[in-house]
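Residue strings, one per chain:
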Amino acid sequence: MKAALLFAFVAVAVTNPQGQTLSSKATQLGQMSLITGHAVTEGWAYQWLEKLTDTVGGRVTGSPQSRVASELILQTLKDNGYGSAHFEEFPIASRWQRGPAVGRVIAPADAEIRIGPFGWTPGTDRRIEATVIDFGKPTMIGLPEPHSRFKDAAVIVEPYQLGANPTQLMRAVVARQLAQGGAVAMLIPSDKPGRMLYTSAFGFYPHGALPVLSIAMEDTAYMRRLLAKGPVKISLEVQNSFDASPSQERNVVADLEGTDPRSMVIVGAHFDSWDYAQGADDNGSGIAALLDAARILRASGVKPKATIRFVFFGGEEQGELGSRAYVKQHRDELPNVRMFFAMDSGAEAPVGFLVHSREDYLSTLRETLAPLVRLGASKVHAQASLDTDDVTYMLAGVPSMRLDVEEGTYDVRHHALTDTLDHVDAKALGIDTAVVACAALLLADAEDPPARFMPEPETRELIRKVGLEPALLTLFGEILPQ
Ligand SMILES: [Zn+2]
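Source: prediction; values computed, not measured.

*Asks:* How should I be thinking about unusual backbone geometry in this particular structure?
*Replies:* Negative phi is the rule for most residues except glycine; trans is the rule for most peptide bonds. Here the amide bond leading from alanine 107 into proline 108 is cis, since omega sits at 10°, within 30 degrees of zero. Relative to the elements of secondary structure, proline 108 occurs in the loop between strand E3 (101–107) and strand E4 (111–113). Unlike most non-glycine residues, tryptophan 120 shows phi in positive territory, near 60°. Tracing the sequence through the fold places tryptophan 120 in the loop between strand E5 (115–117) and strand E6 (128–136). Backbone geometry at histidine 415 places phi at a positive 60°, although glycine is not the residue there. Considering the arrangement of structural elements, one finds histidine 415 in the loop between helix H11 (410–413) and helix H12 (426–445). With a relative accessible area of 6%, histidine 415 lands in the buried category.

Shown next, in the form of structure tokens:
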């Protein structure tokens, strides 16, 4: 019923009162207005997100919840006019499950400390005792030699971004060195308030080298006060488990067919999440926005020039596994992709679009997406970070971008206990949904694609120029997804 109604609205909008077709610019603006109005006033992204968060919950890659989420996404697409929506499977090297994690200071005092494992890192299996060493912040990639001085110690390290080297790289390198040196655990102080912990598997999948534990900010401060007066011993008991038997994850793919079968815009978001909470904003909100955008575009009856493909990725949190599988499985089609557009920044008010490294299309992209300025999405910057799926496409030569939003409290909730539905702003999610749908349509309908496919040698040169080689080699084992 809703679908028919929306279709009728669009039909009215593209003709004037005398029934004449309006100019294409007026048609475009009419479409934008209707899509935006519908997303904001009648959109169901928030309601769908409630279903995802409250009935499925956290969706760790390889878990039953991840499977249920993919099925819910597929069914939603089929129910909304995407009859040919389907799964595309890819193998994962291991599955991982978090177990209980207990930490205590045992000397010179006795007190519990809040710890939680990073994903895809091993546990201690049994209760162990260790002396604490506080290394602080590395000022180079990794730790100075000899690493054997960390033997049998639990080492506090804060491996944060250093120049072009992202936190994930710093963390992964330090973990490997500590394991080689014989350390029993790496303790990374959480930067979140309220004794909240952080988790991530980036750089650890498929099997971290030693137990890597997030430790509450307050408990780090406590241990540092003790360390200032003398040696500190702690006990750790962490029980994670791995399963390396063959298993598959999946992407969910659905097309809104365009009139030019050779041209495509891909809009993507990952549906896997972390397990401390519901994965409401990372990235349930992105999935909900994409699904509602897909529904609205289908129901509006628009026939874009390029096909708009919606891809819902699995396995992003382990290192963009789903998008990397996609670019390998669809290698031949990639030169026809006008733009890959990722939604993975949380549901705050839109501010614009971020591009990774490719400065060559910033101005044409700004022009193409100019109608979205009034929704707040006015800035187009080459400032994207390395940690989500648009980077995979950039590395594969495909022009890519991601939605940039106001900061809000996303970073506090990111991968933490408070990534729950009640923190998601329904109004902002509606506006984000409108931006996703409108941007996809603007990109698909543009007379000329706003950017060009970048051949492999040129991409390699770009990666070298921006200094990304060490991070890519450490995190993915290769510079370009091959
Ligand atoms: Zn995410």
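*Asks:* How should I be thinking about the sheet that holds strand E18 (residues 400–405) in this particular structure?
*Replies:* Pairing between the strands of a sheet is mediated by backbone hydrogen bonds and can be parallel or antiparallel. Read from one edge to the other, the open sheet built from eight strands follows the order E1-E12-E14-E13-E15-E18-E16-E17, with strand pairing classed as mixed. Each edge of the open sheet is held by one strand with a lone partner, namely strand E1 (86–92) and strand E17 (379–381). Averaged over all pairs of adjacent strands, the angle between their axes in this sheet comes to 25°, without regard to strand direction. With eight bridges connecting them, strand E13 (residues 260–270) and strand E14 (residues 306–313) associate as parallel partners. By the bridge assignment for E14, histidine 270 is matched with phenylalanine 313. Lying over the sheet, helix H4 (residues 64–79) contacts E1, strand E12 (247–256) and E14, oriented at roughly 15° with respect to E12.

*Asks:* Got a minute to help me understand the side chain of histidine 356 in this structure?
*Replies:* Within the fold, histidine 356 resides in the loop between strand E16 (350–354) and helix H9 (362–368). When its relative accessible area of 7% is taken as the criterion, histidine 356 is described as buried. Within the structure, the side chain of histidine 356 is placed 2.8 Å from the side chain of serine 357, a separation counted as a polar contact. Setting aside chain neighbours within four positions, we find histidine 356 in contact with Ala384, Ser385, Leu386, Val391, Met394 and Leu468.

Scoring rules and cut-offs
Residues numbered from 1 in each chain as written. Predicted model: local features only at pLDDT ≥ 70, side-chain atom pairs only at ≥ 80, totals over all residues. Heavy atoms only, no water. Helix = DSSP H or I, 4+ residues; strand = E, 2+ residues; numbered from the N terminus. Buried < 20%, exposed > 50% of the residue type's maximum accessible area, 1.4 Å probe, protein only. Pairing = 2+ DSSP bridges. Axes fitted to C-alpha atoms, helices over the stretch in contact; angles between N-to-C directions. Contact = heavy atoms within 4.5 Å. Polar contact = N/O pair within 3.5 Å; in protein donor to acceptor, adjacent residues only side chain to side chain.

Note that every value here comes from positions in space, so none of it alone points to a role or purpose.
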